[in-house]
Amino acid sequence: MEKIVVAAHKGGSGKTTVAVNLAGAFANLGMRVLLVDTDPQGACAAALGITQGKPTLYEVLMGQAQRQEAIVGTSVPGLSLLPSDLDLAGAEVELPKLDNWHQGLGRVLISLESVCDLAIIDTPPGLGVLSYSAFNAATGALVTCPPEFMAFRALPHLQEMTDRAGVPLLGIIPTMATATTRHAREVMEQLNSQYANLVLPAIPRRVALQDAALAGLPITSFEPSSDVAERFMALAREVLSRGKNLAA
Ligand SMILES: Nc1ncnc2c1ncn2[C@@H]1O[C@H](COP(=O)(O)OP(=O)(O)O)[C@@H](O)[C@H]1O
Ligand SMILES: [Mg+2]
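A quick note: this is a predicted structure, and the numbers were derived from the prediction, not measured.

Brief notes about the nonpolar core
Core analysis: the biggest nonpolar cluster contains 46 residues, and V36, L105, L109, I121, L155, L191 and Y195 have the highest contact counts within it. Looking at this core, the element that brings in the most residues is helix α7 (residues 129-137), giving five residues. Filtering out sequence-adjacent residues up to four positions away, I121 remains in contact with K3, I4, V5, V6, V36, T38, L105, L109, A134 and A137. Core analysis: the next-biggest nonpolar cluster, separate from the first, contains 40 residues, L48, I50, L142 and L209 among them.

Describing unusual backbone geometry
Here the bond from K54 into P55 is cis, since omega is -5 degrees, no more than 30 degrees from zero. Take P55: it is sitting in the loop between α2 (43-47) and α3 (57-61). A positive phi angle is found at N100, which is not glycine, with a value near 50 degrees. Looking at the element boundaries, N100 is found in the loop between α5 (88-94) and α6 (104-110). Of note, the phi angle at M176 is positive, near 50 degrees, even though the residue is not glycine.

Side note on the environment of A8
Relative to the helices and strands, A8 resides in the loop between β1 (2-7) and α1 (15-28). With 228 residues separating them in the primary sequence, A8 and A236 have C-alpha atoms 19 Å apart. The contact partners of A8, leaving out residues within four places of it in the chain, are S13, K15, P124, P125, T144 and L158.

Some thoughts on the pairing of strand β5 (residues 118-122)
Within β5, five of the five residues are buried, leaving the element largely enclosed by the surrounding structure. Because side chains alternate across β5, one face comprises the buried residues L118, I120 and D122, and the other comprises A119 and I121, equally buried. When β1 meets β5, the two strands line up parallel, connected through five bridges. Bridging from a neighbouring strand, V5 pairs with I121 of β5. Alignment of strand β2 (residues 33-37) against β5, held across five bridges, turns out to be parallel. Each residue of the ladder has a partner; that of L34, found in β5, is A119.

Scoring rules and cut-offs
- Residues numbered from 1 in each chain as written.
- Chains lettered and ligands numbered in written order.
- Predicted model: local features only at pLDDT ≥ 70, side-chain atom pairs only at ≥ 80, totals over all residues.
- Heavy atoms only, no water.
- Core = buried A, V, L, I, M, F, W, Y, C linked by side-chain atoms within 4.5 Å.
- Buried < 20%, exposed > 50% of the residue type's maximum accessible area, 1.4 Å probe, protein only.
- Helix = DSSP H or I, 4+ residues; strand = E, 2+ residues; numbered from the N terminus.
- Contact = heavy atoms within 4.5 Å.
- Pairing = 2+ DSSP bridges.

What follows is the structure, encoded as structure tokens:
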């Protein structure tokens, strides 16, 4: 089972949008997908129209609940969610007090190998305890990068993090891509010239993605014939061909 962490150390880089919609696209390809939210903001549940309940990832990581009690189904066939809520913010302090805490999420995911083909792990901004746990659990990483210099300049830090965790970087996803400003065009050019082979199909800036989140659906369910839904399907296929352990 491939476990793909979606990371970027800036907030607002399109991580959650990519994690939710890519998970939806993989489910559309017929895979059994678990989306894991390691961000205390709990945005994955909101974007999938799921009202928060207990237990969540926090209780599972702290050994207070079984993973099967926390995992919920979604309206998309094949897609389940291991949600988070604000309590997970406490895990930044409490988790490191547990033995082998950095392997906790990995153990949870390994125990799901027989019922899941793929896990997509959404991460909080920053490279703290929760992101570290996510990297430790992952078998591959995707990094999101909007066409802004500040996001672009952070890419070497993410490469260092994936190297240190021994997780192959499957690719960089240009998010909120637009060619309407010179700055955006310049950053895209630099991205393509410096990271050529790592650059994956870009996700354009589209209000439909925000409407889909409001409706609680991945774009592939909300507006399946839109260009951005097709982009997510293309992205899913490309990631499949890059992840060595992924089976379609
Ligand atoms: N491709 C896109 N087109 C339009 N809006 C987007 C796109 N990607 C993200 N957004 C919006 O930008 C904001 C931040 O995106 P989000 O995915 O939550 O980033 P992160 O998880 O990195 O903080 C959200 O309001 C989201 O709806
Ligand atoms: Mg997010």
